[in-house]
Amino acid sequence: MNFPGGEIRGQVKIVSTPFDFDGDGRTDLRVRRNGATAFYTLFSVNNSVATNFFGGGPNTLNSVSDDYDGDGRGDFLLFSTGTILWRILQTATNTLREVQWGNTTLIPGDRLLPADYDGDGKTDVAVFRPSTGVWYIIQSSNNQQRVESFGAVNDIGTVGDFDKDGKSDLTVIRFGSPNGIAWFTRRSSDNTVQIVYWGGTTLPAAAADFVFTAAPQIDVDGDGRQDHLVRRDPVAAQVQGDPVTYFILRSSDNQALIFQWGLDTDAALFGDYDGDGKTDFVARRNIGGELVWFILQSSNNYNRSQPRTVRFGMTGDFRLAVPVEEPEDEGILVNSF
């Protein structure tokens, strides 16, 4: 077909691409340095490095989406503990938004779980309170406060769009079930509760299962729905560079994807680094004072013998992980998976 006005070509971006700071639909690499004041970003769109200075809070968090202003790019977020002060540097206008929401001094403290709960393409400020099983959300679509009771005391809240309606569903994880780790999801599309058992049958410390509760979108099959994921460390009580294994339940066919990637001393990160709409897995390691990102890409069929390797960052940088930023381990020179 001929178009008399000429063709218009563009790129279709997945709204929920995690850690996408240039809006190209791919996850970018970022580290934080110098007491949380400097952010260094390696952009995938042109392989350039940008430096941004933004301070005022000791902790930073990246989540299923970091786009609080809806411009298609991840924003900067710093927060304080205690009565939580969210400090959001919005990329659309380069303006600062501050919100007091949640409290980490409760026992157990509130968990920051920002995501798009109203489907407007913007990240909502939100916390889950495990001491009561209550969610507190500020909807960006109307700036209204939303309080939802979903879960039990000591449940772990998590994020993700499990029904593919463009909204993050309220989901809690419960340990101790004889059927395994129980995931309870209230689907926003029809308000029904879905229960999925995925993970070990005992408590995390005994089962050595770690559930990524606030991790970015986990979608290994590219169907637009959140997959269930746990990571298992065979010797969790000892930090000694043991290999870890991922167990993922694919939503498209209810089949398991299981593979070993990285060590228990690595920073475990996630994102769509190759832009194919599926989750890639990162084992980031401190080797000789330099941060090395070993990226297991879905576009390469998760071929462990051919990872993408990027050197970006140095000892002392913070890893921009969830739920609270921790510095990289130092002196880990192991270089095998």
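These numbers were taken from a predicted model, which means no experiment stands behind them. (Residues numbered from 1 in each chain as written. Predicted model: local features only at pLDDT ≥ 70, side-chain atom pairs only at ≥ 80, totals over all residues. Heavy atoms only, no water.)

A few words on the overall build of the chain. Of regular secondary structure, the chain possesses one helix and 23 strands. The buried share among the 337 residues of the chain stands at 53%. For the chain, the exposed surface amounts to about 14700 Å²; the carbon and sulfur share of it is 48%. (Helix = DSSP H or I, 4+ residues; strand = E, 2+ residues; numbered from the N terminus. Buried < 20%, exposed > 50% of the residue type's maximum accessible area, 1.4 Å probe, protein only. Areas by Shrake-Rupley, 256 points an atom, 1.4 Å probe, with all protein chains shown as cover.)

Pairing between side chains of opposite charge can happen when the charged atoms of each approach one another. Applying the stated rule across the entire model yields 12 salt bridges. Residue aspartate 155 is joined to arginine 174 by a salt bridge in which the shortest nitrogen-to-oxygen separation is 2.7 Å. Taken together, the residues aspartate 155 in the loop between strand E11 (145-149) and strand E12 (156-158) and arginine 174 in strand E13 (residues 170-174) connect sequence positions 19 residues apart. According to the relative accessible area criterion, aspartate 155 is buried, its value standing at 3%. (Salt bridge = Lys/Arg side-chain N within 4 Å of Asp/Glu carboxyl O.)

Turning our attention to the sheet that holds strand E6 (residues 83-90). Strand pairing in a sheet relies on backbone hydrogen bonds, with the paired strands running either antiparallel or parallel. The sheet built from four strands is open, its strands ordered E4-E5-E6-E7 with antiparallel pairing. In this open sheet, the two strands that pair with only one neighbour each are strand E4 (59-60) and strand E7 (95-103). One ladder, built from seven bridges, connects E6 with E7; its direction is antiparallel. Its bridge partner lying in E7, isoleucine 88 is registered against arginine 97. (Pairing = 2+ DSSP bridges.)

As a further point, take unusual backbone geometry. Of note, the amide linkage connecting isoleucine 107 to proline 108 takes the cis form, showing an omega dihedral of -10 degrees. With a phi close to 55 degrees, phenylalanine 19 is a non-glycine residue in the positive phi region. On the secondary structure map, phenylalanine 19 appears in the segment before strand E1 (29-33).

It is worth spelling out the sheet that holds strand E14 (residues 182-186) at this point. Judged by pairing direction, the sheet is antiparallel, and its four strands sit side by side in the order E12-E13-E14-E15 without closing on themselves. The open sheet terminates on both sides in strands that have one partner only, identified here as E12 and strand E15 (193-197). Direction aside, neighbouring strands of the sheet carry axes that sit 25 degrees apart on average. Pairing between E14 and E15: five bridges, direction antiparallel. Opposite threonine 185, over in E15, you have glutamine 194 as the bridge partner. (Axes fitted to C-alpha atoms, helices over the stretch in contact; angles between N-to-C directions.)

Judged from the six bridges that link them, strand E18 (residues 243-249) and strand E19 (residues 256-263) form a sheet pairing that is antiparallel. Along E19, the bridge assignment pairs proline 243 with leucine 263. Remark: six residues form the turn of the hairpin made by E18 and E19, two consecutive strands paired antiparallel; asparagine 254 in that turn has positive phi of roughly 60 degrees.

Of the residues in the chain, 82% reach a pLDDT of 70 or more, and the chain-wide mean stands at 84. Averaged pLDDT values over the elements of the chain bottom out at 45 in helix H1 (residues 204-207) and peak at 98 in strand E10 (residues 134-138). In the predicted structure, residues 7-13 sits below a pLDDT of 50 and forms six contacts with residues beyond four places in sequence or in another chain. (pLDDT = per-residue confidence, 0-100. Contact = heavy atoms within 4.5 Å.)

Residue position: alanine 152 is located in the loop between E11 and E12. Of the residues examined, alanine 152 reaches a relative accessible area of 29% and is grouped as partly exposed. Sequence-distant contacts of alanine 152, defined by excluding residues within four places in its chain, comprise Pro130, Gly133 and Arg174.

To continue, consider the pairing of E11. Burial of the side chains of E11 is restricted to one face: Arg146 and Glu148 are buried, whereas none of Gln145, Val147 and Ser149 on the reverse face is. Bridge analysis of E10 against E11 gives five bridges, and the strand direction is antiparallel. The residue of E11 that forms the bridge with valine 134 is serine 149.

Attention now moves to a nonpolar patch on the surface. There is a patch of nonpolar side chains on the surface, built from Val193, Ile195 and Tyr197 and spanning about 270 Å² of accessible area. Relative to the helices and strands, valine 193 is located in strand E15. (Patch = residues over 30% accessible without salt bridge, like charges linked within 9 Å, V, L, I, M, F, W, Y side chains within 5 Å.)

One can find aspartate 75 in the loop between E4 and strand E5 (76-79). It is arginine 73 that comes nearest to the buried, bridge-free aspartate 75 among opposite-charge side chains, at 6.7 Å. Among the polar contacts made by the side chain of aspartate 75, one reaches the main-chain amide nitrogen of threonine 91 at a distance of 2.9 Å. Among all residues touching aspartate 75, those that are not within four sequence positions of it are Asp66, Asp67, Tyr68, Asp69, Ile88, Leu89, Gln90 and Thr91. (Lys, Arg positive; Asp, Glu negative; His and termini not counted. Polar contact = N/O pair within 3.5 Å; in protein donor to acceptor, adjacent residues only side chain to side chain.)

Bringing the side chain of threonine 41 into the picture now. The topology assignment puts threonine 41 in strand E2 (residues 38-42). One polar contact links threonine 41 to arginine 30, side chain to side chain, over a distance of 2.6 Å. Excluding anything up to four places from it in sequence, threonine 41 contacts Phe21, Asp28, Leu29, Arg30, Ser48, Val49, Ala50 and Phe312.

The residue arginine 30 is located in strand E1 in this model. The exposure class assigned to arginine 30 is buried, which follows from its relative accessible area of 6%. Between the C-alpha atoms of arginine 30 and phenylalanine 318, which are 288 residues apart in sequence, the distance is 9.2 Å.

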